[in-house]
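# Fold and geometry: a report
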Amino acid sequence: MMSHFSRRAGDIGSDSEFKRYEYRYYEDLKRGTIEIRTSNSDYMCPFCKGDYVPFDELLEHAYRHIKRRSYQRIDVKDQGRHSALECYMVRYLKGKEKKQRRNESPIVHHEDKKPRRSLPMINESSIVHHEDEQLFVCPWMGIVANIQTKMEGGRRVGESGSKLRDELTIKGFNPVKVNPIWNRFGHSGFAIVDFKKDWDGFADALMFEKDFQVNHCGKKDYGRLTEKERGDELFGWVAREDDYNNRGVIADHLRKSGDLKSVSSKEAEDQRKNSTLLTKLTNTLQMKNESVAKMEIKCTKKKAALDKKMLELEAIVIRYNDERRRMEQDSRDYFEKISFEHEKVTQHLEAQRKDLDQHARHLQQRENDIEMRKLHDKRKMNENAILEQKKVNKSIWRLAEEQKTQKEKLRKKILELEKQLDAKQALELEIERMKGTLQVMNHMGNEEDNDVKKKMEAIQEELNEKEEDLEALDALNQTLMIKERMNNDQLQDARKELISGLGENTRALIRVKKMGELDGKPFQAAAKSKFPDEDADVKAGELCSLWDHNLRDPNWHPFKVITDKAGNSEEMINEDDEKLKYLKNELGDEVYNAVIKALKEINEYNPSGRYIIREMWHSKENRRATLREGSEFLLKKWKTLKGRKT
């Protein structure tokens, strides 16, 4: 079948911009806005402003400009203008020119000897007339006829629609889907080609039709030729009003899947939709702006409250520091006062001791035993008091020193913890600072400046030590990462063993779930609502297989990344994706939700490989089961089986 599509009509019209220029200037030529005839036999190209030439030379001129498109990169507008000129001359002037020549001379002029160009020409089926507009089947559809079939098992069978779709895709017509048409005998030999619903899809449909027309395989050719003359050639055209109102399986499919619309009504409908969408977007934008304004007011209030709290916090810190300094000063004053009092008492006791010693010597001279004993007792008491006072002094100073030591230790501990908190960052900053210092000294230093050299050597040595410390920290961090990775590998191996031992029983509390698997039940329901009962199962299988293939396609990534004001990014489903929009419109929300669910699972568990991953699942809580839950479930199951055997 590929050979029937290999005879391309050329690259002209491969973009919608060319077709717009072609249509625009074709209409201007028809209305007479642009004139090319200067006399009965002389013509002039209105776009090149050249000399007056005969009809055939101007036609050849337009043909050469169009033909250059296939091998030169020239202006698309110029191509469209000359293509419109040639189409207008062939359709409206060529017959008149031949008739005029026959009237002027008895000699019969032959038609152009040039080969039929493999470029599509504008015909009435592709031109929108404002006075009598054509009606197309919308969404845009094409009809492929004369598909070769054969008998198998009492029914006629033909090639699948996916193969025909791939061939049309290679030609650049961008079909969305190809639906083979079946009747009670099997494959009818016809297929419906669905194009996109937008104007690009309409342009693709017209180019699809032109390609067949250029190769003499259009709708008129199909009706003109007999079955034998058609051979194994494929014929194709765009579905229009006569196809829609006809009888048979093709018309039934067209009436079931689309409606008749003119181009102007389609444009008006799109304008209404765009106007509605613009209104909604304007309202949404206004609401968003109001919401932003409210948020700005809230942020301003929050900022003011935060600034107030910061000022209060700063005041609290200042008060705390002042109070701490005051308490430290009071503590010092208190210890100084105690020391002064004890010193005063000590001096008083020392003075008493001296008085007692002097009184003892005086009594000793008198040799009074009684007074001597009393004096001895007083001296003993004084000495004991002095000793006790010294002990108290020592205890007070020891307590003061211990308190001071504890405060110093606590302060050092706090500083040490603060330093450890950002040790690596400070070390890296210090290294960068020292490198910058070395660079500055390299520029400023002199070879004869010994002081600079010594400073540089000292800084370099210190820098080496800092780098060694940093390497030690990195090595420690790397070791911890390796240990963590090994532990994680062991946990993953254990998880794989548990998954291999579990089953896929959906009723079990802990089971194995295939992440990324597409649920076929919504496709069955959608197929039963769209197709006859005898074809529903086949269609459901085809649709499920098609979308499963799309899920595994690495080139299809219908996600978008949204970043909030805080800079946090989140990947979400792109609801504007063409495939997802088509799926939702054609097959409904249940099929759409099933595909979205499988997409999210694939993106979470295997975004690179995009194949199904087996995962241990907690059925009751609908989440990923932990390793402990899986182990406990298997152990409980093993004990139950063991109890049954005994």
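Residues numbered from 1 in each chain as written. Predicted model: local features only at pLDDT ≥ 70, side-chain atom pairs only at ≥ 80, totals over all residues. Heavy atoms only, no water.

## A closer look at the overall build of the protein
- Within the protein, the regular secondary structure consists of 19 helices and 13 strands.
- Each of the 646 residues in the protein was classed as buried or not, and the buried ones make up 32%.
- In the protein, the proportion of contacts linking residues at least 24 apart, taken out of those at least 6 apart, comes to 66%.
- Put simply, the protein shows about 43700 Å² of open surface, and 52% of that area lies on carbon and sulfur atoms. (Helix = DSSP H or I, 4+ residues; strand = E, 2+ residues; numbered from the N terminus. Buried < 20%, exposed > 50% of the residue type's maximum accessible area, 1.4 Å probe, protein only. Contact = heavy atoms within 4.5 Å. Areas by Shrake-Rupley, 256 points an atom, 1.4 Å probe, with all protein chains shown as cover.)

## Description of the packing of helix 16 (residues 533-552) against helix 17 (residues 578-587)
- Between helix 16 and helix 17, whose axes approach to 13 Å, the crossing angle comes to 165 degrees. It follows from the interaxial angle that helix 16 and helix 17 lie roughly antiparallel. Considering the relative orientation of helix 16 and helix 17, their crossing is left-handed. Of the residues in helix 17, those touching helix 16 at Leu-543, Trp-547 and Asn-550 are Lys-579, Leu-583 and Leu-587.
- Residue classes in the contact of helix 16 with helix 17 are distributed as 4 nonpolar, 1 polar and 1 charged. (Axes fitted to C-alpha atoms, helices over the stretch in contact; angles between N-to-C directions. Parallel < 35°, antiparallel > 145°, perpendicular 65-115°, else oblique. Left-handed = near helix turned anticlockwise from the far one by under 90°. Nonpolar A, V, L, I, M, F, W, Y, C, P; charged D, E, K, R; others polar.)

## Points about the nonpolar core
- The biggest cluster of nonpolar side chains holds 37 residues, and the ones touching the most others in it are Ile-143, Val-144, Phe-208 and Leu-254.
- For this core, the elements supplying multiple residues, two or more each, are strand 1 (135-138), strand 2 (141-145), helix 5 (161-170), strand 5 (177-183), strand 6 (186-194), helix 6 (199-214), strand 7 (235-238) and helix 10 (249-257).
- If you tally residues by element for this core, the top one is helix 6, at 6 residues.
- In contact with Phe-208, other than residues within four places in its own chain, are Gly-142, Ile-143, Val-144, Leu-168, Phe-173, Val-193, Phe-195, Gly-236 and Trp-237. (Core = buried A, V, L, I, M, F, W, Y, C linked by side-chain atoms within 4.5 Å.)

## So, the confidence of the model for the protein
- When pLDDT is averaged along the protein, the result is 76, and 76% of the positions lie at 70 or above.
- This stretch, residues 1-14, has a pLDDT under 50; its non-local contacts, to residues over four places away or in other chains, come to 45 contacts.
- Ignoring residues within four places in sequence, the model shows residues 105-131, a span with pLDDT below 50, making 67 contacts including any to other chains. (pLDDT = per-residue confidence, 0-100.)

## Here we look at the packing of aromatic side chains
- Here the structure, examined in full by the defined rule, presents 14 aromatic pairs.
- Both rings, one in Tyr-25 and one in Phe-47, keep their centres 5.5 Å apart while their planes meet at 80 degrees; by these two values the pair is edge-to-face. Placement of the pair is Tyr-25 in helix 2 (residues 16-31) and Phe-47 in the loop between helix 2 and helix 3 (55-67), with a sequence separation of 22 residues.
- Under the relative-accessibility criterion, Phe-47 is labelled buried at 14%.
- When the ring of Phe-136 is compared with that of Phe-202, the centres are 5.3 Å apart and the planes differ by 85 degrees; the resulting orientation is edge-to-face. Linking Phe-136 in strand 1 with Phe-202 in helix 6, this pair joins segments that are 66 residues apart in sequence.
- Here Phe-202 falls in the buried class, since its relative accessible area comes to 10%.
- Ring-pair connections join several aromatic residues into one group, and the members of that group are Phe-136, Trp-140, Trp-199 and Phe-202.
- Just above the ring of Tyr-592 sits the side chain of Lys-584; from NZ or CZ to the centre is 4.9 Å. (Phe/Tyr/Trp six-rings, centres within 6.5 Å; stacked < 30°, edge-to-face > 60°. Lys NZ or Arg CZ within 6 Å of the ring centre and 35° of its normal.)

## Brief notes about the pattern of salt bridges
- The full count for this structure, using the stated rule, is 25 salt bridges.
- Between Arg-31 and Asp-28 there is a salt bridge, with the nearest N and O atoms lying 2.9 Å from each other. Taken as a pair, Arg-31 and Asp-28 lie in helix 2 at a separation of 3 residues, close to a single helical turn.
- A residue is classified by how much of its surface remains accessible, and Arg-31, at 54% relative accessible area, is exposed.
- When the shortest N-O distance is used, the salt bridge between Lys-266 and Asp-270 registers 3.7 Å. You can see Lys-266 and its partner Asp-270 sitting in helix 11 (residues 263-366), 4 residues apart, about one turn around the helix. With respect to burial, Lys-266 and Asp-270 carry one shared label: buried.
- The structure contains a network of salt bridges with shared partners spanning Glu-27, Asp-28, Lys-30 and Arg-31. (Salt bridge = Lys/Arg side-chain N within 4 Å of Asp/Glu carboxyl O.)

## Digging into the sheet that holds strand 13 (residues 623-624)
- Pairing is antiparallel across the open sheet formed by 3 strands, whose spatial order is 9-12-13. Unpaired on one side and paired on the other, strand 9 (510-515) and strand 13 mark the two borders of the sheet.
- Seen against the sheet, helix 18 (residues 589-605) touches strand 9, strand 12 (613-618) and strand 13 and runs at an angle of roughly 95 degrees to strand 9. (Pairing = 2+ DSSP bridges.)

## Some thoughts on the packing of helix 17 against helix 18
- Here helix 17 crosses helix 18 at 145 degrees, and the two axes come no closer than 7 Å. Residues Leu-580, Leu-583, Lys-584 and Leu-587 of helix 17 pack against Asp-589, Val-591, Tyr-592, Val-595, Ile-596 and Leu-599 of helix 18.

## Regarding a negative patch on the surface
- A cluster of acidic residues, Glu-457, Glu-461, Glu-462, Glu-465, Glu-468, Asp-469 and Glu-471, forms a negative patch at the surface.
- The residue Glu-468 is located in helix 14 (residues 450-501) in this model.
- Relative accessible area serves as the criterion here: at 52%, Glu-468 is assigned to the exposed category. (Patch = residues over 30% accessible without salt bridge, like charges linked within 9 Å, V, L, I, M, F, W, Y side chains within 5 Å. Lys, Arg positive; Asp, Glu negative; His and termini not counted. Charge placed at Lys NZ, Arg CZ, Asp CG, Glu CD.)

## Observations concerning the environment of Ile-499
- With respect to the element layout, Ile-499 can be found in helix 14.
- When its relative accessible area of 10% is taken as the criterion, Ile-499 is described as buried.
- Filtering out sequence-adjacent residues up to four positions away, Ile-499 remains in contact with Val-512, Arg-614, Glu-615 and Met-616.

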